[in-house]
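# Overview (structure and organization)
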Amino acid sequence: METKKKYICPMECVEPKDEPGNCPICGMKLVVVEEKDNHRKHKEKEEIDKHYKHRAEDFLKKFWFSLILTIPIFLFSDFFQDLTGIKIFQFQGREYLILIFGSIVFFYGGFVFLKGSLRELKAKNPGMMTLIGLAISSAYIYSSLGIIFKIGYDFFWELTSLITVMLLGHYFEMKSVSFAQRALQEIEKLLPDKTERVINDKIELVNLDELKVNEIVLVRPGGKIPADGIVIEGRSEVNESMITGESNPVLKEIGSEVIAGTINGDGMLKIKITKIGEETFLAGIKRLILEAQKSKSKLQVLADVFAKYLTFIAIFVGTLSFILWLIVQKDLSFALERLVTVLIVACPHALGLAVPLVVAISTSLAVHNGFLIKNRLQLELARKIDVVLFDKTGTLTSGKFVVKQIIKLANFSEKEILQIAGSLNQYSHHFIAQGILEKTKEEKIEFLNVENFENLKGLGVTGIINGKRYYVGGDNLLKNLNLESPQIETIGTVAYVIEENKLLGAIILEDEIRKEAFEAIEKLHSMGIKIAMITGDKKEVAEKVAQKLKIDEYFVQVLPEEKLNKVKELQKRGLKVMMVGDGINDAPALMQADVGVAIGAGTNVAIESAGIILIRNDPRDIVKIIELSRLTYKKMIQNLFWATGYNVITIPLAAGILAFKGILLSPLLAAVFMSLSTIIVSINAMLMFRNKKLNK
């Protein structure tokens with residue numbers, strides 16, 4: 001019979017996982033189970049599915065039911081009657097009523113803890129559930145025997161109040177974690193259930209899984225875009241904030257790419273599907289989020305180890321206190337009370353939740369701010385970065401060349417020179433050609449008829465207009481045509497326009513600096529971080545960009561294979577380097593850097609090589625990455641300090657170290673402190689959502 005390992009939450013909050021880790025809902029360490037056959041697998045999944053996403057509500061129901069039964073148990077208890085002097089609740093057989101009510105609370109309210117402890121013990125991985133299970137079981141067995149055989153003291157009011165308080169604490173904790181996860185869960189709801197497919201001018205309503213690549217869909221105003229594609233008809237503004245974090249609507253017209261899950265504005269769009277299912281950008285985001293949740297920070301690993309040892313420490317201290325108090329006072333009830341109190345107060349729930357909850361919230365904040373964490377260790381390291389190394393083109397600059405000047409070299413007007421260049425380049429996809437085309441369209445210049453168009457590899461383009469051959473290209477084209485290069489002083493890129501063998505003019509284009517780059521670099525400098533730039537351009541171009549942006553250091557005329565060496569050079573100086581790039585030739589450098597950040601619009605190779613992905617081409621998001629890294633680390637440290645500090649103080653008190661001074665921690669108070677510590681850790685983590693820098 002084939003067996004397969006699965007990892008489940010002791011409290012069954014989520015479906016079984018294929019890999020170990022922590023429960024994303026309650027933060028507990030997943031325990032291993034073996035699926036022996038498909039029947040068992042489906043049965044277990046069915047059982048867990050009934051609880052999935054309803055665990056918090058289940059705890060609330062159990063809390064109210066347990067509270068209703070705890071109140072009469074408290075009123076019937078000797079503790080209440082001795083404390084208040086009220087004897088009206090004394091009647092014959094009341095202890096058996098206490099036993100019945102207490103048993104209901106123990107088995108109904110405490111069953112989830114008992115089941116969780118059995119799962120942990122079966123997996124040989126004792127933890128929080130083991131401590132709670134031991135505590136409430138020992139209290140229940142002793143109290144039941146005490147009532148049945150009329151010996152000793154019963155703990156039923158302490159036991160039921162303990163279970164009731166823990167149920168309430170778990171409810172608040174799980175609601176907090178669910179809220180933290182909500183932004184990520186909303187991704188699954190972005191896609192529409194159905195869409196309108198266009199076939200032979202007929203429109204039919206179909207399910208998403210019926211769509212195929214190259215089919216046409218119609219998206220009406222306000223509708224959700226069902227799959228990645230290209231607009232082939234229509235014009236509309238699309239809300240992409242849920243994907244890219246960009247608050248302003250983005251204009252989409254013929255030729256524009258659209259993303260699945262985004263929302264159409266007031267216009268009607270016909271879209272040709274290019275990607276479906278797992279190939280869509282949205283599916284890629286979900287995969288990256290899952291990878292981020294699987295990866296652990298160093299602090300989380302440390303917390304997991306400490307929580308494991310804390311379990312053994314609690315069992316040891318609790319057992320030792322039980323034995324010592326039994327010897328000293330010869331009172332089984334008091335000794336058992338100390339054991340139960342230690343086991344409860346030492347539950348490492350706050351410690352187990354301290355880091356995973358911060359991780360969940362930071363992942364959510366990252367998506368909200370337009371970037372994805374692929375490798376959590378790199379996010380953790382981002383707070384220590386000394387220098388950010390930007391690849392110039394497409395990162396600090398737009399990557400789109402803009403016409404800055406047209407120089408006349410013959411008896412032709414600037415408009416005529418641009419008209420010839422635009423007409424030839426309308427058949428080219430080169431980035432220089434696109435810049436010339438944009439200027440031609442901007443000036444509303446009509447294209448001339450071009451015959452025998454030819455793309456001259458590495459030189460430019462050529463074609464016949466009105467019976468004459470024209471060329472557009474750079475210095476290499478001039479050399480090929482044996483033409484002398486004119487003396488033009490510029491730091492931009494020059495495209496020459498040539499008629500037959502005669503120079504007509506030159507078009508100067510520049511790669512414009514992004515407006516966002518100025519703000520990003522200014523903020524990074526204010527954070528004490530140096531800025532470096534790497535480019536394949538000549539020194540004059542790089543120098544101008546560096547001066548405008550106030551860049552500290554730049555590397556020029558760097559070949560693709562040399563980018564890796566420049567990262568190593570900075571690291572040899574003892575600097576922690578963040579590399580930001582978008583091209584296939586950036587991949588080795590991204591992997592070498594301490595933190596690799598890929599522009600989401602870049603190549604798949606660059607994205608696979610980086611630890612953090614920017615969904616949009618906005619260098620200001622680099623600032624947000626570092627701010628989130630610092631905030632995440634700060635919250636992790638605060639939570640770990642509280643969780644460990646709380647245990648250091650409360651465990652000795654629970655064991656009775658100050659009993660000689662009359663200071664004793666009751667089981668109920670221990671439960672309150674344990675639940676309170678978890679709630680405090682949750683609230684502290686949730687305050688990340690109120691951070692002004694990351695929630696603008």
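Looking only at helices and strands, one finds 24 helices and 24 strands in the protein chain. Long-range pairs, those at least 24 residues apart, make up 66% of the contacts in the protein chain with a sequence separation of at least 6.

Next up on the list: the sheet that holds strand S21 (residues 553–555). The sheet built from seven strands is open, its strands ordered S12-S24-S23-S22-S13-S20-S21 with mixed pairing. Each having just a single partner strand, strand S12 (371–373) and S21 make up the two edges of the open sheet. If you compare each strand with its neighbour and ignore which way they point, the axes differ by 20° on average. Here three bridges tie S12 to strand S24 (residues 612–614), and the two strands are oriented antiparallel to one another. Bridge pairing in S24 links Phe371 to Leu614. Sheet strands in contact with helix H19 (residues 539–549) are strand S20 (530–534) and S21, and its direction is about 155° off that of S21.

Before going further, it helps to examine the side chain of Arg514. By secondary structure assignment, the location of Arg514 is in the loop between strand S19 (502–513) and helix H18 (515–526). This buried residue, Arg514, is left without a salt bridge; Glu516 holds the nearest opposite charge, at 4.6 Å. Residues contacting Arg514, with those up to four places away along its chain left out, are Gly394, Thr395, Leu396, Thr397, Ser398, Asn617 and Pro619.

Let us now look at the packing of helix H23 (residues 620–655) against helix H24 (residues 667–686). Put simply, H23 and H24 touch, their axes get as near as 9 Å, and they point 170° apart. Taken together, H23 and H24 sit at an angle that is classed as roughly antiparallel. Contacts between H23 and H24 involve Lys635, Gln638, Asn639, Trp642, Tyr646 and Thr650 on the former and, on the latter, Ala670, Phe673, Met674, Ser677, Ile680, Val681, Asn684 and Ala685. A class-by-class count of the residues in the contact of H23 with H24 yields eight nonpolar, five polar and one charged.

Bringing the nonpolar core into the picture now. If you look at the biggest cluster of nonpolar residues, it comprises 107 residues, and the most contacted ones within it are Ile136, Val388, Leu524, Met578, Ile622 and Ile625. For this core, the element with the highest residue contribution is H23, accounting for 13 residues. Apart from the residues lying within four places of it in its own chain, the contact partners of Ile136 are Phe106, Gly110, Phe113, Leu114, Leu159, Leu162, Ile163 and Met166.

Strand order in the open sheet formed by three strands is S8-S7-S10, with antiparallel pairing between adjacent strands. The open sheet has two edge strands, strand S8 (250–252) and strand S10 (263–264), and neither has a second partner. Looking at chain direction, strand S7 (residues 236–239) and S10 are connected through two bridges and run antiparallel. Within S10, the residue paired with Val238 across the bridge is Asn264.

Applying the stated rule across the entire model yields 18 salt bridges. A salt bridge links Glu442 to Lys439, with the nearest nitrogen and oxygen atoms 3.8 Å apart. Taken together, the residues span about one helical turn, with Glu442 and Lys439 both in helix H16 (residues 431–442) at a distance of three residues. Salt bridges sharing partners connect three or more residues here, namely Glu519, Lys523, Asp618 and Arg620.

Attention now moves to the packing of H18 against H23. The interhelical angle for the contact between H18 and H23, taken along N-to-C directions, is 30°, at an axis separation of 7 Å. Classed by the angle they form, the pair H18 and H23 counts as roughly parallel. Contact residues: Glu516, Glu519, Ala520, Lys523 and Leu524 in H18; Arg620, Ile622, Val623 and Ile626 in H23. For the contact of H18 with H23, the class distribution of residues is five nonpolar, no polar and four charged.

On average, residues of the protein chain score 81 in pLDDT, and 84% of them reach the 70 mark or higher. For the protein chain, the element scoring lowest by mean pLDDT is helix H1 (residues 38–51), at 40; S20 scores highest, at 94. In the model, residues 36–54 has pLDDT below 50 throughout and makes 24 contacts with residues more than four positions away in sequence or in other chains.

Attention now goes to the packing of aromatic side chains. Counted according to the given criterion, the structure contains 11 aromatic pairs. Their ring planes at 25° and their centres at 6.4 Å tell us that Trp642 and Tyr646 sit as a pair that is stacked. Placement of the pair is Trp642 and Tyr646 together in helix H23, with a separation of four residues, close to one helical turn. Note on Trp642: relative accessible area 34%, which makes it partly exposed. Here the aromatic residues Phe106, Phe107, Tyr140 and Phe156 are joined through ring pairs into a cluster of three or more. Residue placement shows Lys62 over the ring face of Tyr108; its charged tip is 4.2 Å from the ring centre. When the ring centre of Tyr633 is taken as origin, the NZ or CZ atom of Arg383, which lies over that ring, is 3.4 Å away.

Our next topic: unusual backbone geometry. One non-glycine residue, Asn466, lies in the positive phi region at around 50°. Structurally, Asn466 is set in the loop between strand S16 (460–465) and strand S17 (468–473). According to the relative accessible area criterion, Asn466 is exposed, its value standing at 72%. With a phi angle near 55°, Glu500 is a residue other than glycine that sits in the positive phi range.

The first and last C-alpha atoms of H24 sit 29 Å apart over 20 residues, in line with the 28 Å expected at 1.5 Å per residue. Buried residues of H24: Pro667, Ala670, Ala671, Met674, Ser675, Ser677, Thr678, Val681, Ser682, Asn684, Ala685 and Met686, and no others.

On a regular strand, each side chain points to the face opposite its neighbour's, so the side chains alternate between the two faces of the sheet. Within strand S13 (residues 387–391), five of the five residues are buried, which leaves the element mostly enclosed by the surrounding structure. Sheet topology note: the S13/S20 ladder contains five bridges and is parallel. By the bridge assignment for S20, Val388 is matched with Ile531. Where S13 and strand S22 (residues 577–581) come together, four bridges link them in parallel fashion. Within the sheet, the bridge partner assigned to Phe390 lies in S22 and is Val580.

Along the chain, Glu416 turns up in helix H15 (residues 414–425). Between the C-alpha atoms of Glu416 and Leu504, which are 88 residues apart in sequence, the distance is 9.5 Å.

Bringing the side chain of Asn647 into the picture now. With respect to the helices and strands, the residue Asn647 is situated in helix H23. In this structure the side chain of Asn647 is engaged in a polar contact, spanning 2.9 Å, whose partner is the backbone oxygen of Ala643. With sequence-adjacent residues up to four places away left out, Asn647 is seen in contact with Leu310, Val345, Ala346 and Pro652.

Procedures and definitions
Residues numbered from 1 in each chain as written. Predicted model: local features only at pLDDT ≥ 70, side-chain atom pairs only at ≥ 80, totals over all residues. Heavy atoms only, no water. Helix = DSSP H or I, 4+ residues; strand = E, 2+ residues; numbered from the N terminus. Contact = heavy atoms within 4.5 Å. Pairing = 2+ DSSP bridges. Axes fitted to C-alpha atoms, helices over the stretch in contact; angles between N-to-C directions. Buried < 20%, exposed > 50% of the residue type's maximum accessible area, 1.4 Å probe, protein only. Lys, Arg positive; Asp, Glu negative; His and termini not counted. Salt bridge = Lys/Arg side-chain N within 4 Å of Asp/Glu carboxyl O. Parallel < 35°, antiparallel > 145°, perpendicular 65-115°, else oblique. Nonpolar A, V, L, I, M, F, W, Y, C, P; charged D, E, K, R; others polar. Core = buried A, V, L, I, M, F, W, Y, C linked by side-chain atoms within 4.5 Å. pLDDT = per-residue confidence, 0-100. Phe/Tyr/Trp six-rings, centres within 6.5 Å; stacked < 30°, edge-to-face > 60°. Lys NZ or Arg CZ within 6 Å of the ring centre and 35° of its normal. Expected span 1.5 Å × (residues − 1). Polar contact = N/O pair within 3.5 Å; in protein donor to acceptor, adjacent residues only side chain to side chain.

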